[in-house]
Amino acid sequence: MWFRHQTACIFRSVKPDAVLAFAIPAACMAVLAEAFFRTEYADADATAACEFDASSNLIKPHHVRELETKGIVVIENAVTATTLRGARSNIRDFQKEGSIWTNTRVGGFAPSGNDPDVRQDLIAWVRSSNVSDDEASTRSHHVETQGSLLIVQDKNNRQENSPLGKDLLYSIQILRGIPFALEQCGYSASKNHRVPRQCQLAMYPGNGSASYERHLDQCDASVYDLGILEWLRLSDYRERAITTILYLNEPNRPESHGGALRCWVARDIDTKRDNKNRNEKDDFRPPFDVKPTGGTMVIFQSGKVDHKVLPSTEERFALTNWVASS
Ligand SMILES: O=C(O)CCC(=O)C(=O)O
Ligand SMILES: [Fe+2]
């Protein structure tokens, strides 16, 4: 009785403006803390943990020097036609699969969450699992005989265990093995690399209009330009150092199908300056196009190469991994 009376007195004596004076800063701190701690790199791996023989065999010292001095290197036939066919078939299975996102996704893919004026491709996140194969087999209704279970994750972090198949897994592994292979050949343009487990699988539906506007993969805007909240939210983008892309299309994809990656490389590639404040006309070399031929791998310095994806008249698949550096 006494206790109830005391409690009622305390509540009566608390002024609403005092509550607000406490609650508003607390809510702001919570929002900023969420922005600060949210990261795709939380479970990124050290490069050595991603060592993969096919990646190490693919990367030669001249590729690394080209990446350092020109900012970009294009390697054709990084994977075989059989692997590409298999990977596309794995994607089809994944699209057919009844899934928790069926309502929100088009055939297993969803809009990226970026501004739809900037890009109109559809994406899925594919991740190497940290679930063991044994554990996976008890959870999943179909498990590949080779290759571990992958977790597909949408932008709201809803996760779904979905065995995507060995050729898609191989494609992810070869991409994630690249940073270690670069380091083995003495790559020096960035250091302290970390390799995210998740890769972006992007699909352009082939409607002749979906494209991705010119952009830089590394965010170089200052806290003054963005505001503290956005700046904190974009911490992952600031850490991006190397972009690795593998095209999963047919190896003989005709040029007329479009979907080229148009690249503008900064003239001052060898300096520490990032693309911010670069003058579009004078500070970039004339653009060149990379055809999204199946098996072609593109590696570039995320802070030095502006790029855009041209419209594609046929379906176009690209698997991308952004390597972080600190
Ligand atoms: O698909 C491509 O060729 C490039 C994709 C891209 O630029 C991105 O996702 O940031
Ligand atoms: Fe990009």
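To be clear, the structure that these remarks concern was listed above.
Please read these numbers as outputs of a predicted model, since none were measured by experiment.

> Just checking my understanding: could you explain the coordination of the iron ion (ligand 2) for this structure?
A four-donor tetrahedral metal ideally has 109.5 degree angles, and a six-donor octahedral metal ideally has angles of 90 or 180 degrees. Protein coordination at the iron ion (ligand 2) comes from His215 (NE2), Asp217 (OD) and His307 (NE2), with a distance range of 2.1 Å. Every donor residue of the iron ion (ligand 2) comes from the same chain, spaced as H-x1-D-x89-H. Taken together, the residues His215 in strand E9 (residues 212-215) and His307 in strand E14 (residues 305-309) connect sequence positions 92 residues apart. Comparing His215 with His307 shows no difference in burial state: the two are buried.

> Looking at this structure, how should I read helix H4 (residues 61-70)?
An α-helix turns once every 3.6 residues. As a result, residues three or four positions apart point the same way. For H4, every residue scored as buried is listed here: His63, Val64, Leu67 and Glu68. Looking straight down H4, one finds that the buried residues subtend no more than 130° of arc, so they occupy a single side. Exposed and facing more than 90 degrees away from the buried side of H4 are His62, Thr69 and Lys70. Those residues of H4 hidden inside the fold are in contact with helix H3 (53-58), strand E2 (72-75), helix H8 (178-184) and strand E13 (297-301). Just downstream of H4, Gly71 is the residue with a positive phi angle, here 85°.

> Sorry if this is basic, but what is going on with the site of ligand 1 here?
Near ligand 1, the surroundings consist of Gln200, Tyr212, His215, Asp217, Ile245, Tyr247, Leu261, His307, Val309, Arg316, Ala318 and Trp322. Within the side chain of Asp217, a nitrogen or oxygen atom sits 3.2 Å from an oxygen atom of ligand 1. When isolated, ligand 1 has an accessible area of 290 Å², and the protein chains bury 98% of it. Among the secondary structure elements, those contributing two or more residues to the shell around ligand 1 are E9, strand E10 (240-247), E14 and strand E15 (316-324). Broken down by element, the residue count for the shell around ligand 1 peaks at three residues, all from E15.

> Would you explain the packing of aromatic side chains in this entry?
How two aromatic rings sit relative to each other is given by the distance of their centres and the angle of their planes. Under the criterion given, the structure shown has one aromatic pair. Above the ring of Trp264, the side-chain terminus of Arg214 is found at 4.1 Å from the ring centroid. Arg240 extends its terminal NZ or CZ atom over the ring of Trp322, reaching a point 3.8 Å from the ring centre.

> Could you clarify how one ought to interpret the sheet that holds E14 in this entry?
Where strands meet in a sheet, backbone hydrogen bonds hold them as pairs that are either parallel or antiparallel. Within the open sheet, the four strands sit side by side as E9-E14-E11-E12. Their pairing is antiparallel. Lying at the two open borders of the sheet, with one neighbouring strand each, are E9 and strand E12 (288-290). The average angle at which neighbouring strand axes cross in this sheet is 25°, direction not considered. Sheet analysis places strand E11 (residues 261-265) next to E14, joined by five bridges and oriented antiparallel. Along E14, the bridge assignment pairs Trp264 with Asp306.

> Where do I start with the side chain of Thr243 in this structure?
Following the sequence through the fold, Thr243 ends up in strand E10. A polar contact is formed between the side chain of Thr243 and the side chain of Asp217, at a distance of 2.9 Å. Among the polar contacts made by the side chain of Thr243, one reaches the side chain of Ser302 at a distance of 2.9 Å. Once residues within four sequence positions are removed from consideration, Thr243 is found in contact with Asp217, Val298, Ile299, Phe300, Ser302, Thr320, Asn321 and Trp322.

Parameters at a glance
Residues numbered from 1 in each chain as written. Chains lettered and ligands numbered in written order. Predicted model: local features only at pLDDT ≥ 70, side-chain atom pairs only at ≥ 80, totals over all residues. Heavy atoms only, no water. Donors = N, O, S within 2.8 Å, 3.2 Å for Na, K, Ca; no water. Helix = DSSP H or I, 4+ residues; strand = E, 2+ residues; numbered from the N terminus. Buried < 20%, exposed > 50% of the residue type's maximum accessible area, 1.4 Å probe, protein only. Arc of directions from axis to C-beta. Contact = heavy atoms within 4.5 Å. Near = heavy atom within 4 Å. Polar contact = N/O pair within 3.5 Å; in protein donor to acceptor, adjacent residues only side chain to side chain. Areas by Shrake-Rupley, 256 points an atom, 1.4 Å probe, with all protein chains shown as cover. Phe/Tyr/Trp six-rings, centres within 6.5 Å; stacked < 30°, edge-to-face > 60°. Lys NZ or Arg CZ within 6 Å of the ring centre and 35° of its normal. Pairing = 2+ DSSP bridges. Axes fitted to C-alpha atoms, helices over the stretch in contact; angles between N-to-C directions.

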